[in-house]
Amino acid sequence: MSVAQSVSPIGYMEPVSLWEGEEDNTRLSSSADSFRAAPFKQEGQERINHSSVIPSRIESFYAERIVDELQQYGYEVFQSTVRNHTQDGAMPIVSGGVSQDSLIIGVGDTLDIILRGQINERQDYTISPQGLLILDQFPPISVVGLTLKQLQEKLRLEARRIVNTDVFVTLKTVRQVSVTVTGHVERPGRHVLTATHTIMDVLHKAGGVKKTGTLRNIKLIRDGEMKHIDLYMLLQNGTSRVDLPLREGDKIIVPSIGATLAISGDVKNPAIYEILSRQKHAQKYSLAALFALSGGVISPSQYRFIKLFLDADGQEITEEIIGNARDISKRQFGDGSILIVSRRLQTRKGAIEIEGNGTRKGVHDLKKAKTLAELLPDRSNFGSDIYPLIGLIERWNNKTLAPEYISFSPLQIVNKNTDAPLQQKDIIHLFSRKDIAMLDVDSSENEQTPKTQLINTILKEHAVYIRGAVRQDGAYPIYEGTALEDILSVAGGYMLDADRDKIEVTENRNGHIYRQNVSLNDASNKEIFLQAGDTIRVGTKLKTLAENSVYLYGEILSSGQYNLMSGDTLLSLIERAGGLTEQAYPEGSIFSRKSERIREESRFKSQANALELKLSTMLESEEKPNQDQIKTVENLIDDLRHARAVGRITIEADPEILIREPELDILLEHGDKIYIPKRPLTIRVAGEVLSPSALQFRSKKDASEYISEAGGFSYHADKDRSFVILPDGSAQPLRVNYWNHQASFIPPGSTIIVPRDPKPFDFVEVTKDITQIIANLAVTAVLADDLRD
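Report on the accompanying structure. (Residues numbered from 1 in each chain as written. Predicted model: local features only at pLDDT ≥ 70, side-chain atom pairs only at ≥ 80, totals over all residues. Heavy atoms only, no water.)

Here the focus is the pairing of strand β12 (residues 251–254). By the alternation rule, side chains of β12 split into Ile 252 and Val 254, which are all buried, and Lys 251 and Ile 253, of which none is buried. Direction of pairing for strand β8 (residues 176–183) relative to β12: parallel, over a ladder of four bridges. Note on β12: the bridge partner recorded for Thr 182 is Ile 253. One ladder, built from three bridges, connects strand β10 (residues 218–222) with β12; its direction is antiparallel. Bridging from a neighbouring strand, Leu 220 pairs with Ile 252 of β12. (Buried < 20%, exposed > 50% of the residue type's maximum accessible area, 1.4 Å probe, protein only. Helix = DSSP H or I, 4+ residues; strand = E, 2+ residues; numbered from the N terminus. Pairing = 2+ DSSP bridges.)

Counting 83 residues, the largest nonpolar core has Leu 111, Ile 113, Leu 133, Leu 203, Ile 252 and Tyr 285 as its most contacted members. By residue number, the principal contributor to this core is helix α5 (residues 287–294), which donates six residues. (Core = buried A, V, L, I, M, F, W, Y, C linked by side-chain atoms within 4.5 Å.)

Residues Ile 674 and Ile 676 of strand β38 (residues 673–676) are buried on one face, while the alternating residues Lys 673 and Tyr 675, pointing to the opposite face, are not. Taken together, the four bridges between strand β34 (residues 549–554) and β38 define a ladder with parallel strand orientation. Within β38, the position partnered with Tyr 553 by the bridge is Tyr 675. Inspection of the sheet shows strand β36 (residues 590–592) paired to β38 by three bridges, in the antiparallel sense. Along β38, the bridge assignment pairs Phe 591 with Ile 674.

Our next topic: the pattern of salt bridges. Enumeration according to the criterion identifies 21 salt bridges in this entry. One salt bridge in this structure joins Lys 451 and Glu 394, with 3.0 Å as the shortest N-O distance. Within this pair, whereas Lys 451 is found in helix α10 (residues 450–461), its partner Glu 394 is found in strand β24 (residues 391–397), the two being separated by 57 residues in sequence. Several salt bridges converge on common partners, so that one network encompasses Arg 593, Glu 669 and Asp 672. (Salt bridge = Lys/Arg side-chain N within 4 Å of Asp/Glu carboxyl O.)

Residues spaced three or four apart along an α-helix face the same direction, because each turn holds 3.6 residues. Taking 1.5 Å of rise per residue, 12 residues should cover 16 Å, and α10 covers 17 Å from first to last C-alpha, within 8% of that figure. Next to the buried residues of α10 lie β24, β25 (402–408), β26 (427–430), α9 (433–437), β27 (463–468) and β28 (474–477). (Expected span 1.5 Å × (residues − 1). Contact = heavy atoms within 4.5 Å.)

Right, dumping it as structure tokens:
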């Protein structure tokens, strides 16, 4: 079938009948204004969101056939149903939709009747069970079936018998009505409302219609008769006559949804629509009727109309519909059909466009700006974060049928150093500094369109590389011929220690590498221009002191970070810090070296990897470990991966001893951390004891007594491998078992460690290594706590 040439009149189509013989009062308007009735939220109430992340089966059916994920039309009207926080979970309706004048009076209603004139009286009257209104001055009046307005007229006629007397009637209280709702609603059952409420009110109170239920064939059973309600009349036309007031004993049935079709693409309201059936068969809809349902096409233009439908064998058939009068009125869309409306590509004549970091983004007249200099005459056209060294002109090449990108320098354009002519449909891309910084981000971490990826690739191809003493080193895209000074300025300028006489420029010219050292203090080197691929390195005058420092904490008169010079020792550092306090305990000093910390962390990770490899090998063997054994090893692997390395070195930190024996005075390195504690009066017991704690030092106590005060050994203790860490960091084994007990002096500030029994790891077949690993972890944990303190 041929492609439609022009269907712009469709955008202004008159409402049409949806099926043969349909009356005018049931036609669906093509107006874009749709009724969206829903109760509003009041204080103390919360919204119930009926929309689900999981699409309905009907929505999934259509989603499998087209790209668009459409929703069923009309059900969003129930998404704002409100719930009041009451004990019984009742959900009161905010207000009824029936005015007092049109309300039909019934038994139980209370009227406020006022007489003015010869008789002045005001009294409340309740309609009797017989449907009578009995007043003192009037005969009984039958009011059942009358509206309030009709009753007022009837009373005024009766009041004529009384001279100079007027009568006024208002509704004081409204009777309650009980309505039963069944079928495809969230909360079926009996609901109590008032006579002022309508069909929509009770559906809201029932939680709304499920997407499995119909909106076009709701049944109302009243006084033994059944009426069919089509909510599309209310949703699309705002026809209130379908939203009938409730009466006592009404039954509302919401059957299953009927036949459906989908409208997708460039229409005002793409959705899945329910279509009416007659004589148990779904009616066929015309293209015009579908436009009436969906509000019509987005704008007057040229469109393609694609029809998808299933044949008797379930085979998907695709047809293109011509937009002539015959096809527009032909009834060809039935149950399961899909209409896809696709707007043809629109082009602009005599227009250029600015995108990105500009203050005048959008379409511009080529007649008024034929060159870049005319389009971007001054700096006010750029955003505050403009990247000034490169921009791109995106231009369509009719020969290659592909876009091409031409670079330019926004800085040179506003400085009037260069210019470039523009052509119709050119797109000028201006970039921000943030855009350039994002070039180093992995595209997999930042979702990008194919066009954005292409532009980023082009920018990277135009980059020069800046290293050394600049504030922001990295890759900077440039327009060919950018000055060195401009590039350094965009990189944040020089650092304080930068040497302007030591700038190394490496150039790639026609496959040959050239390197030159230039001085920007020399006026002759001001005009150095660079090309893509060049590298600049800015030298430094001296080594920054911040890169060579140590930390001294604890019982020092002036603790903190100290810069190092070549040959600095621990004694010289203590003297610079003012010396030790009277409470200092240099015998317990902790000296942590950065290089040792790195080695320790590497050792822990290597041990974790080895255990992980051993465990995976055992899991593939015939004799697999049980779940408890696997969990034990996995916990140990996790401890190793997260262990905080200390990198302790045993040193002498007493200044008096260091003066006498200078060979013990350790040379300091960058990253060293020294902690000198207070003189302790405790012995710490850690590891596999029942109550790890710090205990008071007693000179006559031995290790077994301290362990006993800490609650004794735990079930998992390895008594034979208990050891003590002395204040200076050295370790000694302890004999604390009953068969090899040997008393030994424990100095204050020491830590007794009872390691974990390695027997649970026997199945790993590396018990010797496990023992050492467990001991090392215990020591590391203790020292890390000291450093944290």
